[in-house]
Amino acid sequence: MKPLLLLSTLHRNHAANSGYQVLAAHFPGARYLHTIRADPPGGLPLLGARLARQVSFSRWYLGGCALLELEAWRNLRAGFSGIVHSMWCDHDLGFLDLLLDRRRHRLVGTFHNCSDTFVHTIRFPRRLRGFAAIILMSETQRPYFLDAGVWPERIHVVPHGVDTSYFTPGSPAREPFTVLAAGGYRRNFPLLREVCLRLMGDPGIRFEIVAPPAFGKLFEDLPNARFRSSLDDAAYLEALRTCSCLLQTVENATANNVILEAMACGQPVIAERIGGIPEYVDSNCAILTAPGDADGLAAALQELRASPTRRDLLATGARKQAEALDWENIAAQMRKIYERL
């Protein structure tokens, strides 16, 4: 395999064992460059970041992305020749693709966002044609890249992975039946509130909601819901391991870290049949409803609580599904793509 240069910005609020950057640990011979995904605090650096964002490939380009590309460019100038993989291309790519020598470099980009987001994030879709390989999280993303003129053989759907050695089963709650809902980006909180409302009369079901503080007011009047924010890694893992199941309501999705991590912790998943979610779960580990169906989600939770046997079967299936998506297996798929380049 050619030498490999991996590039990623890191979100400050992501758990250390979550996120796509975990893939880098499975390529110990690669050069892995990373920066914090944030703008400078002020002054000329902040002005420069804002000006760069006006003309960058990604409209979500930040100062941390510029620092990442600068360090990558220094590696190229120092003689690096091989595969350059932008692991969060829809956020991090600004100008690096314009600086590569196609005789010496093969550009790979992973795209995480939903297809309805690309129109807001990707400023120059024609530049996608210069990629040697494009990695997607879901088949739902593929039409955007085909419409942009990318050759079909350069598009690869490789699922997001999960660290199954860190996210492991614990002791799930039996009574009260504790429903965990976690995350913030593109979550459908009004729908989650509707599900909570429909089950207020059932004292045996409680909701544990972990989300950004801005959404707390939606749930403060609900006696059957506890809202928490800013959990550290240990508390987040404990929430996953001790709940009774995961409920995930979303506007749209490709991969979903919380679903993968909950399954690795042996938790059944209740979710909507929307976006890429059906590509990651099936009837052996999850119950899926129609999008936006609060009644269906509430009924699924009641059904799961009423049948401990089914809950345990789904829990076993969830862990098995997560093991199939362990990062070691995902890295093996990526290695085959790298080798073909």
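Note that the coordinates shown come from a computational prediction; the quantities given were computed from them, not determined experimentally.

Cut-offs applied
- Residues numbered from 1 in each chain as written.
- Predicted model: local features only at pLDDT ≥ 70, side-chain atom pairs only at ≥ 80, totals over all residues.
- Heavy atoms only, no water.
- Pairing = 2+ DSSP bridges.
- Helix = DSSP H or I, 4+ residues; strand = E, 2+ residues; numbered from the N terminus.
- Axes fitted to C-alpha atoms, helices over the stretch in contact; angles between N-to-C directions.
- Contact = heavy atoms within 4.5 Å.
- Phe/Tyr/Trp six-rings, centres within 6.5 Å; stacked < 30°, edge-to-face > 60°.
- Lys NZ or Arg CZ within 6 Å of the ring centre and 35° of its normal.
- Buried < 20%, exposed > 50% of the residue type's maximum accessible area, 1.4 Å probe, protein only.
- Polar contact = N/O pair within 3.5 Å; in protein donor to acceptor, adjacent residues only side chain to side chain.
- Core = buried A, V, L, I, M, F, W, Y, C linked by side-chain atoms within 4.5 Å.

A. Region of interest: the sheet that holds strand E7 (residues 177-182). Reading across the sheet, the six strands line up as E9-E8-E7-E10-E11-E12 and stay open at both edges, with parallel pairing between neighbours. Where the open sheet ends on each side, the last strands, each with one partner, are strand E9 (225-228) and strand E12 (286-289). The mean inter-strand angle of the sheet, taken between neighbouring strand axes irrespective of direction, is 20 degrees. Pairing of E7 with strand E10 (residues 245-248), which is carried by two bridges, proceeds in the parallel orientation. Its bridge partner being in E10, Leu180 is matched across the sheet by Leu246. Taken strand by strand, helix H6 (residues 189-198) contacts E7, strand E8 (205-210), E10 and strand E11 (269-272), and its axis lies near 160 degrees from that of E8. Docked against the sheet, helix H8 (residues 257-264) engages E7, E10 and E11, running at close to 170 degrees with respect to E10.

B. Here's a closer look at the packing of aromatic side chains. A complete count under the given rule lists 14 aromatic pairs for this structure. Aromatic pair Tyr20 and Trp327: ring centres 5.8 Å apart, planes at 70 degrees, arrangement edge-to-face. On the criterion of sequence distance, the pair formed by Tyr20 in the loop between strand E1 (4-10) and strand E2 (31-36) and Trp327 in helix H12 (residues 327-340) is long-range, its members being 307 residues apart. The residue whose ring lies beneath Arg154 is Trp151, and the NZ or CZ to ring-centre distance is 4.4 Å.

C. How the structure looks around the side chain of His91. Take His91: it is sitting in helix H3 (residues 89-92). Once you skip the residues sitting within four places of it in the chain, His91 turns out to touch His11, Arg37, Ser58, Trp60, Tyr61, Cys65 and Asn113.

D. Seen up close, H8. Counting buried residues in H8 gives seven out of eight residues, a clear majority hidden from the surface. For H8, the full list of buried residues reads Val258, Ile259, Leu260, Glu261, Ala262, Met263 and Ala264. In this structure, the buried side of H8 is in contact with E7, helix H7 (233-242), E10, E11, helix H9 (277-280) and helix H11 (308-324). A distance of 3.2 Å separates the backbone nitrogen of Val258 from a side-chain oxygen at the start of H8, and that oxygen is part of Asn256. Just downstream of H8, Gly266 is the residue with a positive phi angle, here 75 degrees.

E. Quick peek at the nonpolar core. Counting residues in hydrophobic clusters, the biggest one holds 55 residues, and the most contacted among them are Tyr20, Phe27, Met263, Ile277, Val281 and Met334. Apart from the residues within four sequence positions on either side, Val281 is in contact with Ile259, Met263, Ala286, Leu288 and Gln321. Judged by nonpolar contacts, the second largest core, of 27 residues, contains Phe177, Phe189, Ile287 and Leu301.

F. Structural view of the side chain of Arg53. Residue position: Arg53 is located in helix H1 (residues 43-53). Side-chain polar atoms of Arg53 contact the side chain of Asp39, separated by 3.1 Å. Separated by 2.8 Å, the side chain of Arg53 and the backbone oxygen of Tyr61 make a polar contact.

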